[in-house]
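Chain by chain, the residues:
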Amino acid sequence: MSVPQKPARSLLGWEAAILGLVVVALLIGSRLHEAFLTGPNLSNLSSNLVEIALIALTMTLVVVAAEIDLSVASTVGMCSALLGVLWAAHAPMPLALLATLALGALAGLFNGLLVTRLGLPSLAVTIGTLALYRGLAYALLGDRAVADFPPFWTNLGFGLVPGTQIPIPIVAFAVLAVITAVVLHATPFGRSLYAIGANELAARFAGLRVERTKLLLFVLSGLMSAFAAVVYTFRFSSARADNAVGLELAVIAAVLLGGVSIFGGRGSVIGVIGAVFLIGIIQNALTLADVPNEILTIVTGLLLILSVLGPNLAARVRTSRERRVARSKGGAP
Amino acid sequence: MKNHKILLAALALSLGAAALAQGGIQKGITIAFLPKQVNNPYFATAWKGGQAAIKEFAGIGKQVGPSDAGASSQVSYINTLLAQRQKAIVVSASDQNALVPYLKRAMQQGVKVVTYDSDVAPDGRNVFVSQADNDTIGRDEVKILAKQIGYKGEIAILSATPNATNQNAWIKVMQDELKKPAYKDMKLVKIAYGNDDDQKSFTEMQGLMQAYPNLKGVISPTTVGISAAARYLSTSPYKGKVMLTGLGTPNQMREFVKNGTVQGFALWNPEDLGYLASYAAAALVSGQITGKEGQKFKAGKLGERTIGKNGVVILGPLTVFDKSNIDKFSF
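A short tour of the structure in this document, coming up. (Residues numbered from 1 in each chain as written. Chains lettered and ligands numbered in written order. Predicted model: local features only at pLDDT ≥ 70, side-chain atom pairs only at ≥ 80, totals over all residues. Heavy atoms only, no water.)

**Digging into the interface of chain B and chain A**
Tallying the contact residues gives 22 residues for chain B and 20 residues for chain A. Buried surface at the junction of chain B and chain A, summed over both partners, amounts to about 1,800 Å²; 48% is from carbon and sulfur atoms. One can count two salt bridges joining chain B with chain A. As a salt-bridge pair, A:Asp290 and B:Lys62 come within 2.5 Å of each other at their nearest N and O atoms. Linking chain B with chain A are seven residue pairs in polar contact (both at pLDDT 80 or more), by the criterion used here. Here the side of chain B that touches chain A takes six residues from helix H3 (residues 73-83) of chain B, the largest share from any one element. The class makeup of the residues in the side of chain B that touches chain A is ten nonpolar, nine polar and three charged. (Contact = heavy atoms within 4.5 Å. Buried area = accessible area lost by both parts, 1.4 Å probe. Salt bridge = Lys/Arg side-chain N within 4 Å of Asp/Glu carboxyl O. Polar contact = N/O pair within 3.5 Å; in protein donor to acceptor, adjacent residues only side chain to side chain. Helix = DSSP H or I, 4+ residues; strand = E, 2+ residues; numbered from the N terminus. Nonpolar A, V, L, I, M, F, W, Y, C, P; charged D, E, K, R; others polar.)

**What to know about the sheet that holds strand E9 (residues 243-246) of chain B**
Residues and elements named next belong to chain B. The four strands are arranged E7-E6-E8-E9 in an open sheet whose pairing can be described as parallel. Whereas interior strands pair on both sides, the edge strands pair on one side only; in this sheet they are strand E7 (186-193) and E9. This sheet shows a mean twist of 20 degrees between the axes of neighbouring strands, independent of strand direction. Across seven bridges, strand E6 (residues 153-159) lies against E7 in parallel orientation. Note on E7: the bridge partner recorded for Glu154 is Lys187. Contacting E6, E7, strand E8 (215-220) and E9, helix H5 (residues 134-149) crosses the sheet at an angle of about 165 degrees to E9. (Pairing = 2+ DSSP bridges. Axes fitted to C-alpha atoms, helices over the stretch in contact; angles between N-to-C directions.)

**A short note on the packing of helix H4 (residues 50-64) of chain A against helix H13 (residues 247-257) of chain A**
The relative placement of two packed helices comes down to the angle between their axes together with the axis-to-axis distance. Residues and elements named next belong to chain A. At a minimum axis separation of 9 Å, H4 and H13 run at an interaxial angle of 60 degrees. In terms of axis orientation, H4 runs oblique to H13. Along this stretch, H4 crosses H13, giving a crossing that reads as right-handed. Within the contact between the two elements, H4 uses Glu51, Ile52, Ile55, Ala56, Met59, Thr60 and Val63 and H13 uses Leu247, Ala250, Val251, Ile252 and Val255. Across the contact of H4 with H13, the residue classes break down as ten nonpolar, one polar and one charged. (Parallel < 35°, antiparallel > 145°, perpendicular 65-115°, else oblique. Left-handed = near helix turned anticlockwise from the far one by under 90°.)

The structure is reproduced here in structure tokens:
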């Protein structure tokens, strides 16, 4: 039986590479345009990717456990639509927010039940709910937009921490990132995710409650999507059914580029955060330098390929090395 | 002493003149166009006009923008243009509200904001350059059809959905225009609805011809309706006998104009729209206007323009596309 090794150490190579690339991207960015390394620009840069960053946190947990949630962006759209509908119907904001978060959790619960109770692959389930939740978003709000949110709330999405250039949502992200990192890397729950992702059968034999864990992961993913929906809605002061269309691809790209194995069992929060910012920095710097859209798309595409290729190559090198070690020790492969 | 003052005034004048290009516009103004979507023929055409204007007043222009029309993709571009210290942003908004806080921030930092084609809430921009007002669109449509049928005969309207706000506003104006004595021999017999669905518009057009055999002309003020109606007419015995006009784009209507199904149809000219937007931006940056109602500015070949209510400048009458000019347009 293969014992999941300490993931932080085994991935140090790829993580260091990502963080190194972030530094390189920052350096190149500052060369491309003099406005790149200024407070306001870095502030905008981070503000632009806060929803991706938020959802990437829970996506990391989900993918480490060898599952996937493709319905996150549709959940954002559906939750944004609900928030808009409730506000337009004069619901008090705290109540509307609570209902929005509850809807997200419910959407996640539905995904989780289909995966754990019916044993369906999460890829198939969440492709289905990707369409379903977007459809429900349009059913809720149609092609209307709700925009008249009070400034107090929109400022939470749009504003900066007083006296700094730090967008308020980034503070929320930082707190959630620390919590997620601690949960994944320093708790039994986190270790159980690696175990499930690396070898579900073994995890079951080891007495881990695989179903319950997975159900919880999907609920968390839905809940985080709902939170991202609130941020998105306030940041743009616009609740629309088509909010965040396509965001799931950006999230998954960041998670994979961050070194999380699509087959589960490997990955770390810091790598994923590095990847989110790496993609954001590259796009911001290239846009600032007036690089045409086509090039931007090509670069993003190449990054996506790198995101699959890089960690895979790293893993392959590692496996062959482990095999060699195992063989030299005379153990089974 | 007096001489001194005159001398100073002359010096100031000549210095001022040196910094100003033709029409009192500063030279070297940086203007960025931000369409809903780049690589979209409509916006590419508008940018052609915008660029031509920028060249005329010796500014520095560029067009940037997202390749998807998502509601929020434009925001990161606004921030980027702000970081690049552009003097003016000319934007067609994908979302009426999502851009407003960011555009407000840009204006606070001295950037002039012009919307074209698609507006934002008025406090998010200085000037909106509107393609045409409801009144113009409704009346122009009736005038075009009246000419085509010789001011005589039964006519119908093929609209989008029964509750489409813009369509209904236009139809109301059309009915009002038809009350004028010049149209006393024309009779509006039916308003049909194709729901902006190609198939439904096609069958509605078919139904109109069966129900009203004496029909002489149809106005379809929707791009989906007019092309479906033209397709039906082009293969029917009514081709060239029943006139069809409305709002359409040259690319979708070209074959029907060339094969004689449609004599002429209308739309605003996006090239002129971009041209006017550029001049509005330049006039704002040069301090000629601030966006208040009643202010005037010169817009090159389009002549003098006046800002209307809520900072709206209207491009003017529709452009009629027919055999003589349709090949000049691609959108």
